[in-house]
Amino acid sequence: MSEVKNNNTLEKVNTTEYTSKDFASDQDVRWCSGCGDYSVLAQVQRTLPNLGIKKEDLVFVAGIGCSSRFPYYMDTYGYHTIHGRANTIASGIKVANPELSVWVSTGDGDCLSIGGNHFLHTLRRNIDINIILFNNQIYGLTKGQYSPTSFHGQISKSSPLGTVEYPVNPVSLALGAEGTFIAKSIDRDPKHLMEMIKRTYLHKGTSFLEVLQNCNIFNDGAFALYTDKETKEDNVLYIEHNKPLVFGKNMSKGIKLDGWKAVVVDISNGKYSVDDLLVYDEKNKELAFLLSEFSENPALPMPVGVFLDIERATYEGELEDQIANAKKNADDLSVDNLFKGTSSWEIK
Amino acid sequence: MSEVKNNNTLEKVNTTEYTSKDFASDQDVRWCSGCGDYSVLAQVQRTLPNLGIKKEDLVFVAGIGCSSRFPYYMDTYGYHTIHGRANTIASGIKVANPELSVWVSTGDGDCLSIGGNHFLHTLRRNIDINIILFNNQIYGLTKGQYSPTSFHGQISKSSPLGTVEYPVNPVSLALGAEGTFIAKSIDRDPKHLMEMIKRTYLHKGTSFLEVLQNCNIFNDGAFALYTDKETKEDNVLYIEHNKPLVFGKNMSKGIKLDGWKAVVVDISNGKYSVDDLLVYDEKNKELAFLLSEFSENPALPMPVGVFLDIERATYEGELEDQIANAKKNADDLSVDNLFKGTSSWEIK
Amino acid sequence: MEEDKSVLPLPLKVNTSKHSSNFKPEIKSVADVTIRFAGDSGDGMQLTGTQFSDTIASYGNDLGTLPNYPAEIRAPAGTLYGVSGFQVHFSSRDIYTPGDEMDVLVAMNPAALKTNIKDLKKGGILIANTDAFDSKNLRLAGYENNPLEDGSLQEFIVHAIPITKSTVEVIKDMGLSIKVAEKCKNFFALGVVYWLYSRSPEHTFSWIQEKFESKPELIEANTRVLKAGYYYGDITEIFATRYEVKPAELPSGAYRTISGNEAVALGLVAAAEKSGLQLFLGSYPITPASEILQYLSGYRKYGVKTFQAEDEIAGITTAIGASFAGSLGATSTSGPGMALKTEGIGLAVISELPLVIINVQRGGPSTGLPTKMEQADLLQAIYGRNGECPVPVLAASTPVDCFDMIFESARIAIKYMTPVILLSDGYIGVGSEPWKVKKLSELPDITAVFKTDPEGFQPYSRDEFLARPWVKPGTKGLEHRIGGLEKQNITGNISYDPENHHIMVKLRAKKVRNIANDIPDLDVTGDPSGKLLVLGWGSTYGAIASAVENQRAKGRKVSHAHLKYLHPMPKNTGKVLKNFKKILVPEMNLGQLTKLIAIEYLIDSIPFSKVKGLPFKASEIESKIEELLKTKD
Amino acid sequence: MEEDKSVLPLPLKVNTSKHSSNFKPEIKSVADVTIRFAGDSGDGMQLTGTQFSDTIASYGNDLGTLPNYPAEIRAPAGTLYGVSGFQVHFSSRDIYTPGDEMDVLVAMNPAALKTNIKDLKKGGILIANTDAFDSKNLRLAGYENNPLEDGSLQEFIVHAIPITKSTVEVIKDMGLSIKVAEKCKNFFALGVVYWLYSRSPEHTFSWIQEKFESKPELIEANTRVLKAGYYYGDITEIFATRYEVKPAELPSGAYRTISGNEAVALGLVAAAEKSGLQLFLGSYPITPASEILQYLSGYRKYGVKTFQAEDEIAGITTAIGASFAGSLGATSTSGPGMALKTEGIGLAVISELPLVIINVQRGGPSTGLPTKMEQADLLQAIYGRNGECPVPVLAASTPVDCFDMIFESARIAIKYMTPVILLSDGYIGVGSEPWKVKKLSELPDITAVFKTDPEGFQPYSRDEFLARPWVKPGTKGLEHRIGGLEKQNITGNISYDPENHHIMVKLRAKKVRNIANDIPDLDVTGDPSGKLLVLGWGSTYGAIASAVENQRAKGRKVSHAHLKYLHPMPKNTGKVLKNFKKILVPEMNLGQLTKLIAIEYLIDSIPFSKVKGLPFKASEIESKIEELLKTKD
Ligand SMILES: Cc1ncc(C[n+]2csc(CCOP(=O)(O)OP(=O)(O)O)c2C)c(N)n1
Ligand SMILES: Cc1ncc(C[n+]2csc(CCOP(=O)(O)OP(=O)(O)O)c2C)c(N)n1
Ligand code: SF4
Ligand code: SF4
Ligand SMILES: [Mg+2]
Ligand SMILES: [Mg+2]
């Protein structure tokens, strides 16, 4: 199902009609130079022409934050709203008009701090919007306070001695909140990011894509381990449906299950082979949770890719059905009769 | 660690000093007769005398809802606050004075709907408060609208044609939100409930106890399957640390792992024995998640008991340490010097 | 009485032969009656009151109702704070209130007697359920002696009736549990009152049939009990007099009773129909506003979308999203929820999107008195936001007026591309009155124009009403971006330009101020000038109208004006006010409208505050009027 | 100049021999100078301005500053909206403002020139970085021709300096990347200005040493560049005149510069110390209030607890929890955050717990203009809650005043068991001025009494100030429960009693009203009566004080009064106002104080609004004063 276009009512356009430039608005992009946000913008603009959505059917919604400026730079409909509420406003738009393709760009503060509640309720309702979380583990726009994804002990403007709180893991949280599509990517890996954006779009229901995004002003290098040439291969695990979990330089390592525990094994020295490895299944929620918890263990690589992609009816779809059925089953659709109610009387 | 009293600074009192009556305030209890809330109140009042906490060190905090009236009925310090904010106010109390034993009574609406964000941030911060969620799958106080835990399709005052949203699973959510202690019990099982209340208290860090609570006015019988004599044994799975997962009449059934899938097996007919069963481990988060997801599968029983009990530093503990260290390492604690700052000058 | 048989398909144990006995009580015609049903929260008083008022209404009387119940779902039986009441005032004249003093009090237990007897007229009728006056209940109500027996009720006509026993008796052969059987007792009381006021129980019989469709034993039981109560008057001959209240002279047409909350729900449907927009309500339950969400969630077949949000913030912001998408967005709430919507309203203001916000006010501050009425959110509605953030504020004055004013709110929201706040309150929201049912065709059209032509399109260009264009996403060539940062005049681009900000702040203010050109003048009932004007807004309407009518009937020179538009106010308001020497402003707050009058017109008015969770009595306002007309100054 | 060497441990490439050349520019003494540094967001203008003002202050000048920057972190280089500015006004007299017109503008690029030149005095000095005037930047700034070359700047003294090239040149041997090297250019500009105003760069040298402690190459680079800039004046002889501003006559003592936000942080520490309470700040970051959280989070060693909450609701409610637990709870925010705290404030009011709420106001409505100042949250502070929900409201008028007023807010909160709102704004919150450092011993004590005696304890009994008792949980025998539902007078039990509600509503209002007995009278600067009073509140203080002083110096009869207590107002306020024929109220909103004056005193005052995200200029107020004094009426 997830391989199918998610909104049949959207008229397809010839995909050759658009180029990425068609999605760039006339506004100057106002991010710091070097900011990871540029990459996400570029990949979205590059991916869209291949998705067959008409420009006028696209709506980008955002809260407040550096990443939340995103809609201004897209030549589509856009709404830059208030801090933390992008998901509710997007929900309102989508429920009001399911024919639109609704996207949310949000930050770790916007989505997970002030907006955490809406995030979780959007996921469980499975409203068919596409959420891109720009996770830079910092509050960019307000100049460098720690965020709910900042690591424990992180020094920031508002934690000069280090934070005393434990971060939220966006993928685990989304799993616990009944998300139906959960994926993760990195600003510095444009190809993977484009693929993930596409998958995000293709899933019917709330799609959640976390993008690790470097804030080179207030939290530079937060993801260096996963983006530096020397370290990234040994620290990033690309997960793919039905494929064994291999990674590392020359794909020499893999993930094996040892009872309940995932361990890294070397598949280059003959002791283990690819056949011993855990094969990923993006329909398996428990497995997704196991992988999302890799972050608790520094011995394990960080997984990116589609953690979960399962089917469930969407909120707005069921609502439309409920309305259609109510209309169909009604023997009286007269509003005048509604006004009259069931116990009116006549005065002559 | 969780077996140790959670706050060493609390002076112990002779546990024979109190009886459950000592914890009953002079206020009339204003719940509907037959309401499951009475049982939770009774079990809390019965358990407290055994915990060795002085009455004056106890604070009960609540938001708004039927269940949130709880503090009025406890002869301890109490604060009945505003809808959804019990967890933040309790957090403020505990962080301000870690010597207090702080409890939250909250409803499925209060904690998970309007208060969902605070719930998740309290859990990840691991502030040492004890949260008791009265889950009646309905809004009681406002007279019967559906709640975030109402089942998909539930008919209620605000969903005359059935809800179109998928419920949140409180245990899964707490797991995804980095909870360190997560347990579940039922209003109609006082013994188990008392045990869970005790464990809730003993854990150092945020403790979350979900109690299935019957609202006999607006959602009567929601948990009949788990409380009716005829059905409960086959439908409730009591989980215990290091014990195999058995249940059913005469303990004739058990849970076995079949690859990634949990299945029910009969251990009375010789094909399987207790040794084939999954042994529970309350330190294993992935396992906890597997069990919390049993609710997705009607073929599996509903687990109650302690899903997870792991150690992690508390927010307030680390904050106190940070303050103590800062004081210790400071070569100057003069507030006058703080006022002066680092670049003052003299005018003569 | 014969017609009763035709509506009664069930066998009855009541001996109907007594029916034609010689006893014939006197039938007295009265103009105006107030009855209060009072009992435990579990006694079904709200239902009883509703049934009675529906029946009364169908006889063509004008009426007003006042439900009054505790914040607990079911407070423990017998307690003072667990008493629930429902007052019905009906008349052969036009009336405006649920009545000041009662003619009849039905007290189902001692607590109900204790808390309500003070409002019973001298010489009024008290119907008490003697079965409930046992020692436990007397103690819970704080009675040392049984008031039915100790002579303390001498000033009233007391009818002590064993209501519970009679109820159980009449259905004892049915094999129902005592608990279920006793639950029917309110219908006995209702039957007695129907008889007393010469009203057939027919309407309630049908209601019982419908309500218990799937439980025939309950149909039978309740019907029997109602009938037994009804015949009780005949059989026992304890009442010397029956009463009759002639129908009021109402314009001809179809009528129904309606509460303010239902009227809001219907008014929203009407506005959606007349504007051709889809209605979207984003809301979070809260007393006493939840019914708006509940009614609308039942209107799926009319295409209404309701979204029960996770909180009030999501309630308003989903509605804003829906408006952005081209729907009529609305959100309903009460006090604490209004507080949470503050930031969202600001977004709607700067985004200039239509949005209707309904605040069914309740007692505050904070959680306050959830089930009680109050008018203390007026200044919040007008000034309670960060920044210069102007929003039109309207107020409904009666349950029926809720229909008109929500329709008007939607009209203004759409025409001016602005959020609009409608203030209702717990009194008119839950209270009901007869409504001469409106037809869609009688309502004015609301024109919602969506811009579709890309030619020269600018998101913040303005029409003659200073409204910016509304564009439905999905419209080709009009892709554009809006948001909460200050925007450049006309283009809508982000702008930090100082001059532009000043222009925009003034533009937004002017747009709202200009609405004064588009609303009716403030009407005066009574002379257009004189010594005293009583100025009100919102649900004080009934009490003020009654008081002024009564006082004028006594020849006193006093007039009444009622503001339905609080921001901006009608253009003639200043002129109206300046025509009077004194202005009395009764409000269920500490004088908020007097503050607005000072701000707008520098006029000193006299606040008359009642912040008790209960509406004004007409008599209270009358005393105040008399006092003011007496004093020299 | 010799002393410079001593502070410079680094080898310098600058040829210091020129130092003793024959060139000796004239040194002119001036009373009062305003300089603005303007450049790209990335050019370090805020740092440059801060360094300059710190240095100036340490010379004993009085000064005022005005930072002004875009909401983007780093807007793209060269754009008009990316320009960041920092203005410093310093003087040998007492001054109140950052200056109206500039004497010197440092423009680091064409965009900075374009957006700032309009404020440069005729004959003023323009220092421009010629290297940035390339075709791309000129185009981005919208210049057709290079203004430095096309004669359009004839009315100014233009010093076109190749700042970037000079910077790179002086450190080119260090092997730094061009990017890093160019980043030092602001220090070159700063050096030039130090020289021009006869101020030693010593303070900045020390700052550089500290700041780059771990990066010696940056210490060397920045120091060299600063020195090069400093000597540029000597070497190139392009300036004919140097200036000197004599120190102001300030009372003797220790001084420092302080911003309003830091003053709030320090004032809270002071209040905690003097009351013996632990300080707890619950807050969520928001511009321009975040610094309060940031400063306080650095004060762990003083026992300060800060809690960066998940949102503003959690910010205020954790603080309420802390107050319930016996701490001094505080919460800081700005506009949109204030909106979200509305419901929490209501809870604090009905719970009657001490709480300090700081709103550093910014441009609204909605997200508005996050980095700009405004005073438009006044009515919200007073009326913006559901129910009758009275809260004392205070306002700080200068950065230094923030210290005193937050201290006073805490005093009132504790003494009266009430939340208190302190209004600051982006102007005084971020702007700074010299502060004669207070000592703890100079401050009055704040008495925080915790009830410990169970004898006769009632949670809602009241002392002479109508405050209820504060009890620390943990106190034996005083266990009690409070909450957001209306409570019975004295006992604090839940009460739905109508009379009790009215009593409580009035009690809460009276408690706040009575605070008027406990605050200083409203002072008048100038004659106590006359034709014109300029009435202000908050950060307009500086502009009004300057304007009135200037006008009075010109012999005009005009007085100034400034409200620091907005709710309740000082008792003599009405009397003060009635002594003047006209009252002019300059506000950075659409006239909110004029509305309060109408409500409280039925006095018609003249609003003078400026809602541009920029403070009033003294000259603007002066013109208005002149206009009003001219008109007959
Ligand atoms: C109600 C409200 N609270 C706070 C703010 C201030 N604020 C703006 S953005 C932001 C956080 C930004 O962090 P994030 O969402 O991670 O986005 P980033 O800038 O890092 O992309 C905050 C706290 C606001 N605008 N509104
Ligand atoms: C801000 C706010 N919104 C809404 C309400 C109304 N309200 C009170 S309790 C409640 C929900 C009650 O449900 P739950 O938390 O499940 O508690 P229960 O009554 O079922 O125990 C609601 C919506 C309120 N008091 N305040
Ligand atoms: S502050 Fe950080 S996140 Fe924001 S634009 Fe700059 S680099 Fe990007
Ligand atoms: S309404 Fe339901 S939850 Fe509330 S008190 Fe009654 S039975 Fe309990
Ligand atoms: Mg971020
Ligand atoms: Mg509930």
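Since the model is a prediction, treat every value here as computed from it, not as a measurement.

## As for helix H10 (residues 315-329) of chain B
Helix length check: H10 of chain B (15 residues) gives 21 Å between terminal C-alpha atoms against 21 Å at 1.5 Å per residue, within 8%. Taken together, the buried positions of H10 of chain B are occupied by Tyr315, Glu316, Glu318, Leu319, Gln322, Ile323 and Ala326 of chain B. Buried residues of H10 of chain B fall within an arc of 165° about the axis and therefore sit on the same side. Close packing links the buried residues of H10 of chain B with helix H2 (86-96) and helix H4 (116-125) of chain B together with strand E11 (305-308) of chain D. Measuring from the side-chain oxygen of the N-cap residue of H10 of chain B to the backbone nitrogen of Gly317 of chain B gives 3.0 Å; that N-cap residue is Thr314 of chain B.

## Let's talk about the domain arrangement of chain C
Residue and element names in this part refer to chain C. In terms of domains, chain C is made up of domain 1 (29-243), domain 2 (256-442) and domain 3 (524-630). Look at where the C-alpha atoms of domain 2 and domain 3 centre, and you get two points 26 Å apart. On the side of domain 3, 22 residues touch domain 2, which itself brings 27 residues to the contact. A combined buried area of about 2200 Å² lies between domain 2 and domain 3, and 64% of that area is made up of carbon and sulfur atoms. The interface formed by domain 2 and domain 3 contains one salt bridge.

## Let's talk about the coordination of the magnesium ion (ligand 5)
Residue and element names in this part refer to chain A. Binding of the magnesium ion (ligand 5) to the protein goes through Asp108 (OD), Asn136 (OD1) and Ile138 (O), at separations of 2.0 to 2.2 Å. Sequence spacing of the donors to the magnesium ion (ligand 5): D-x27-N-x1-I. A residue pair is termed long-range when its members are at least 10 positions apart, and Asp108 in helix H3 (residues 108-112) and Ile138 in the loop between strand E4 (129-135) and helix H5 (170-176) qualify at 30 residues. For Asp108, a relative accessible area of 2% corresponds to the buried category. On the accessibility criterion, Ile138 (2% relative accessible area) is buried.

## Overview of the interface of chain B and chain C
How big an interface is tends to be stated in terms of the accessible area lost upon association of its parts. Each partner contributes to the interface: chain B provides 30 residues, whereas chain C provides 26 residues. Both faces combined, the contact of chain B with chain C buries some 2100 Å², and carbon together with sulfur accounts for 54% of it. On the surface where chain B and chain C come into contact, there are zero salt bridges. At the boundary of chain B with chain C, the tally comes to nine residue pairs in polar contact (both at pLDDT 80 or more). Across the side of chain B that touches chain C, the residue classes tally to 14 nonpolar, nine polar and seven charged.

## Quick notes on the coordination of the magnesium ion (ligand 6)
All names here are of chain B. Coordination of the magnesium ion (ligand 6) by the protein is provided by Asp108 (OD), Asn136 (OD1) and Ile138 (O), with metal-donor distances spanning 2.1 to 2.2 Å. In the primary sequence, the donor residues of the magnesium ion (ligand 6) line up as D-x27-N-x1-I. Pair check on accessibility: Asn136 and Ile138 agree, each one buried.

## A closer look at the pattern of salt bridges
What the rule picks out here adds up to 85 salt bridges over all chains. For Lys253 of chain B, the salt bridge identified is with Asp234 of chain B, shortest N-O distance 3.3 Å. You can see Lys253 of chain B sitting in strand E9 (residues 253-258) and its partner Asp234 of chain B sitting in helix H8 (residues 229-235), a full 19 residues away along the chain. Lys253 of chain B gets classed as partly exposed once you look at its relative accessible area, which sits at 22%. On the basis of relative accessibility, which here comes to 26%, the residue Asp234 of chain B falls in the partly exposed class. Between Asp518 of chain C and Arg411 of chain C there is a salt bridge whose closest N-O contact spans 2.9 Å. Of this pair, Asp518 of chain C sits in the loop between helix H17 (498-513) and strand E18 (524-525) while Arg411 of chain C sits in helix H15 (residues 399-416), and the two are 107 residues apart along the sequence. The exposure class assigned to Arg411 of chain C is buried, which follows from its relative accessible area of 16%.

## Observations regarding the confidence of the model for chain C
In regions of low pLDDT, the predicted coordinates are not meant to be interpreted in detail. Chain-level statistics for chain C give a pLDDT mean of 92 and a share of 96% at 70 or above. A low-confidence stretch, residues 1-21 of chain C stays under pLDDT 50, and its non-local contacts, those more than four residues away or across chains, total 34 contacts.

## A short note on the interface of chain A and chain C
Contact with chain A, which involves 60 residues of that partner, is made by 72 residues of chain C. Contact between chain A and chain C buries roughly 5300 Å² in total, counting both sides, with carbon and sulfur atoms accounting for 63%. Counting across the chain A and chain C interface gives three salt bridges. Ionic pairing is found between Lys305 of chain C and Glu320 of chain A, a salt bridge with its closest N-O pair at 2.5 Å. If you look at where chain A meets chain C, you find 29 residue pairs in polar contact (both at pLDDT 80 or more). For the side of chain A that touches chain C, the secondary structure elements donating two or more residues are strand E2 (77-80), helix H2 (86-96), helix H4 (116-125), helix H10 (315-329), helix H11 (335-340) and strand E12 (345-347) of chain A. Per-class residue counts for the side of chain A that touches chain C are 25 nonpolar, 19 polar and 16 charged. Where E2 of chain A and strand E17 (residues 481-483) of chain C come together, three bridges link them in parallel fashion. Bridge pairing in E17 of chain C places Gly78 of chain A opposite Arg481 of chain C.

## Concerning the site of ligand 4
As a matter of local geometry, ligand 4 sits amid Trp31, Cys32, Cys35, Cys66, Asn136, Gln213, Cys215, Asn216, Ile217 and Phe218 of chain B together with Ile73 of chain C. Each of chains B and C places residues near ligand 4. Residues belonging to the shell around ligand 4 are distributed by class as follows: eight nonpolar, three polar and no charged.

## Considerations on helix H2 (residues 45-58) of chain D
Residues and elements named next belong to chain D. The terminal C-alpha atoms of H2, which comprises 14 residues, lie 20 Å apart, in line with the 20 Å expected from a rise of 1.5 Å per residue. Taken across its 14 residues, H2 has 10 buried, putting it largely inside the fold. Burial in H2 covers these residues: Met45, Thr48, Gly49, Gln51, Phe52, Ser53, Asp54, Thr55, Ile56 and Ala57. With its phi angle positive at about 90°, Gly60 sits one or two positions after the end of H2.

## Some remarks on the sheet that holds strand E9 (residues 253-258) of chain A
Residues and elements named next belong to chain A. The three strands are arranged E8-E9-E10 in an open sheet whose pairing can be described as antiparallel. With partners counted over all chains shown, the strands left at the sheet margins are strand E8 (246-247) and strand E10 (261-266), one partner each. Pairing between E9 and E10: six bridges, direction antiparallel. In the sheet register, Lys256 faces E10, and the bridge partner there is Val263.

## A closer look at the nonpolar core
Formed by 370 residues in total, the largest nonpolar core has its most connected members in Phe339 of chain A, Leu291 and Phe339 of chain B, Leu535 and Leu593 of chain C together with Leu535 and Leu593 of chain D. If we skip the residues at most four places from it in the chain, Phe339 of chain B touches Arg256, Leu266, Ala270, Phe403, Trp435, Val437, Lys438, Leu440 and Leu443 of chain D.

## Notes on the environment of Leu628 of chain D
Residues and elements named next belong to chain D. Relative to the helices and strands, Leu628 is located in helix H21 (residues 618-630). On the accessibility criterion, Leu628 (9% relative accessible area) is buried. Once the C-alpha coordinates of Leu628 and Lys531 are considered, the two residues, 97 residues apart in sequence, prove to be 9.3 Å apart.

## A few points about the site of ligand 1
In the neighbourhood of ligand 1, 23 residues make up the surrounding shell, with Cys66, Ser67, Asp108 and Asp110 of chain A together with Glu312 of chain D lying closest. In this structure, an oxygen atom belonging to ligand 1 sits 2.7 Å away from a main-chain N or O atom of Cys66 of chain A. Contacts to ligand 1 include Asp108 of chain A, whose side-chain N or O atom sits 2.6 Å from an oxygen atom. The protein chains hide 99% of the 590 Å² of surface that ligand 1 would expose on its own. Assessed atom by atom at 2 Å from the grid points, ligand 1 resides in the largest cavity. Listed by contribution, the elements that provide at least two residues to the shell around ligand 1 are H3 of chain A together with helix H13 (335-351) of chain D. Looking at which element gives the most residues to the shell around ligand 1, the answer is H3 of chain A, with three residues.

Reading guide: rules and limits
- Counting restarts for each chain, with residues numbered from 1 along the sequence as it is written.
- The lettering of chains begins at A and the numbering of ligands begins at 1, in the order of writing.
- Per-residue local features are limited, in this predicted model, to residues with pLDDT of at least 70; the limit for side-chain atom pairs, both in listing and counting, is 80 or more; totals at the level of whole chains, interfaces and linings are taken over all residues.
- Side-chain figures throughout are based on the complete set of non-hydrogen atoms in the structure, without hydrogens or water.
- Helix numbers and strand numbers start at the N terminus; a helix is a DSSP run of H or I with at least 4 residues, a strand a run of E with at least 2.
- An expected span of 1.5 Å times one less than the residue number is assigned to each helix.
- With a 1.4 Å probe rolled over the protein chains alone, any residue whose accessible area is under 20% of its type maximum counts as buried; one over 50% counts as exposed, and the rest are partly exposed.
- Starting at the helix axis, one direction is taken to each C-beta atom, and the arc is that of these directions.
- What makes two residues a contact is simply this: any of their non-hydrogen atoms within 4.5 Å.
- Distance and chemistry together define a polar contact, namely a pair of N or O atoms within 3.5 Å, with one atom able to donate a hydrogen and the other to accept it when in protein, and with adjacent residues in sequence counting only for side-chain atoms on both sides.
- Residue ranges assigned to the domains are those given by an automatic or database domain assignment.
- Put simply, buried area is how much 1.4 Å-probe accessible surface two parts lose in total, over both of them, once they are put together.
- Should a side-chain nitrogen of Lys or Arg be within 4 Å of a carboxyl oxygen of Asp or Glu, the pair is scored as a salt bridge.
- Keep in mind that water is not among the atoms, so a site may look incomplete; donors are the N, O and S atoms within 2.8 Å of the metal, or 3.2 Å for Na, K and Ca.
- Amino acids outside the nonpolar list (Ala, Val, Leu, Ile, Met, Phe, Trp, Tyr, Cys, Pro) and the charged list (Asp, Glu, Lys, Arg) are all regarded as polar, and Gly is one of them.
- Confidence of the predictor at the level of single residues is given by pLDDT, which spans 0 to 100.
- A pair of strands is treated as paired once DSSP finds two or more bridges between them.
- Being near a molecule or strand, for a residue, means having at least one of its heavy atoms within 4 Å of it.
- Among the buried residues, those of types Ala, Val, Leu, Ile, Met, Phe, Trp, Tyr and Cys that are joined through side-chain atoms within 4.5 Å form a nonpolar core.
- Each accessible area value is a Shrake-Rupley result obtained with a 1.4 Å probe; residue values ignore everything except the protein chains displayed when judging cover.
- In this analysis a 1.4 Å probe is tested at points of a 1 Å grid over the protein atoms alone, and where it fits but cannot get out there is a cavity; an open set with protein on both sides within 12 Å along at least five of seven lines is a pocket; lining residues have an atom within 4 Å of a point.
- Cavity and pocket membership follows a simple rule, namely that a molecule belongs there if more than half of its atoms are within 2 Å of the grid points.

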